[in-house]
Amino acid sequence: GFDIPAERRVDLPFSSYEGLLPMARSLLSGANRSIGIVAPWQGPAHAIVHAARELGLMQGKDFDVVGWSTTEDYPDLPPSRLAPEEVPPMIVWSMARMAEVALARLIERRASPSLPTTVTKIPVTLRLPGTKEA
């Protein structure tokens, strides 16, 4: 039920890391700058942290950001982008677990095509910088 007002949302096109930096700088600049950012996927989350560093802003003090990543790719830091301690908190989920569940459901559905529709939830966790997988 939580929604972010349209004027506070930014739809980022798929872009290179360098292509994301201008938008990240814009989000973190000016008197009405964003102080809480949900940044799906690692590229946008890393671009936000990189732009903040350029602007002299400190993560956790001047702004907060939460990224989104697969467990298999976390933290997947390309050289020279972010230091390990700069990796923002990330919501992570497992591609392998999702694939296992999807295959099990397909097998089940083929065996019993008239089963009712179900909703399957794949667990996610919040990974904080410097923590190991639980």
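Preceding this section is the structure that the text describes.
Enquirer: Is there a simple way to explain the overall build of the chain in this structure?
Expert: From N to C terminus, the chain includes three helices and four strands. Across the chain, helices and strands are ordered from the amino to the carboxyl terminus as α-β-α-β-β-α-β.

Enquirer: Whenever I open this one, the environment of Ser 94 confuses me. Can you help?
Expert: Residue placement: Ser 94 occurs in the loop between strand S3 (90-93) and helix H3 (95-111). Placed 28 residues apart in sequence, Ser 94 and Ile 122 show a C-alpha to C-alpha distance of 7.9 Å. What Ser 94 contacts, discounting residues up to four positions off in sequence, is Thr 71, Glu 72 and Ile 122. Within the local environment of Ser 94, its side chain forms a polar contact with the backbone nitrogen of Arg 97, the two atoms lying 3.0 Å apart.

Enquirer: Sorry if this is basic, but what is going on with the packing of aromatic side chains here?
Expert: To describe a pair of aromatic rings, you give the distance between the ring centres and the angle between the ring planes. Evaluated as defined, the whole model comprises three aromatic pairs. Ring geometry for Trp 41 and Trp 68: centres 6.5 Å apart, planes at 80 degrees, overall edge-to-face. Highlighted residues: Trp 41 in the loop between strand S1 (36-39) and helix H2 (42-54) and Trp 68 in strand S2 (residues 64-70), separated in sequence by 27 residues. Of the residues examined, Trp 68 reaches a relative accessible area of 29% and is grouped as partly exposed. Within the aromatic cluster, the residues linked to one another by ring pairs are Trp 41, Trp 68 and Trp 93.

Cut-offs applied
Residue positions are given per chain, counting from 1 as you read along its sequence in written order. Owing to the predicted nature of the model, reporting of local features is limited to residues with pLDDT of at least 70; listing and counting of side-chain atom pairs is limited to 80 or more, with chain, interface and lining totals taken over all residues. Based on all heavy atoms of the structure, the side-chain values leave hydrogens and waters out of the count. Working definition: helices are DSSP H or I runs of at least four residues, strands are E runs of at least two. Numbering for both runs from the N terminus. By definition in these notes, contact holds between two residues if any of their heavy atoms fall within 4.5 Å. Pairs of N or O atoms are called polar contacts if they sit within 3.5 Å, as long as, within protein, a hydrogen donor faces a hydrogen acceptor (for residues adjacent in sequence, only side-chain-to-side-chain pairs). In this scheme Phe, Tyr and Trp rings, the latter by its six-membered ring, pair at centre separations within 6.5 Å, and the angle between planes marks the pair as stacked below 30 degrees, edge-to-face above 60, and tilted otherwise. Summary of the burial criterion: residues with accessible area below 20% of their type's maximum are buried, those above 50% are exposed, and those between are partly exposed, where the area comes from a 1.4 Å probe applied to protein chains only.

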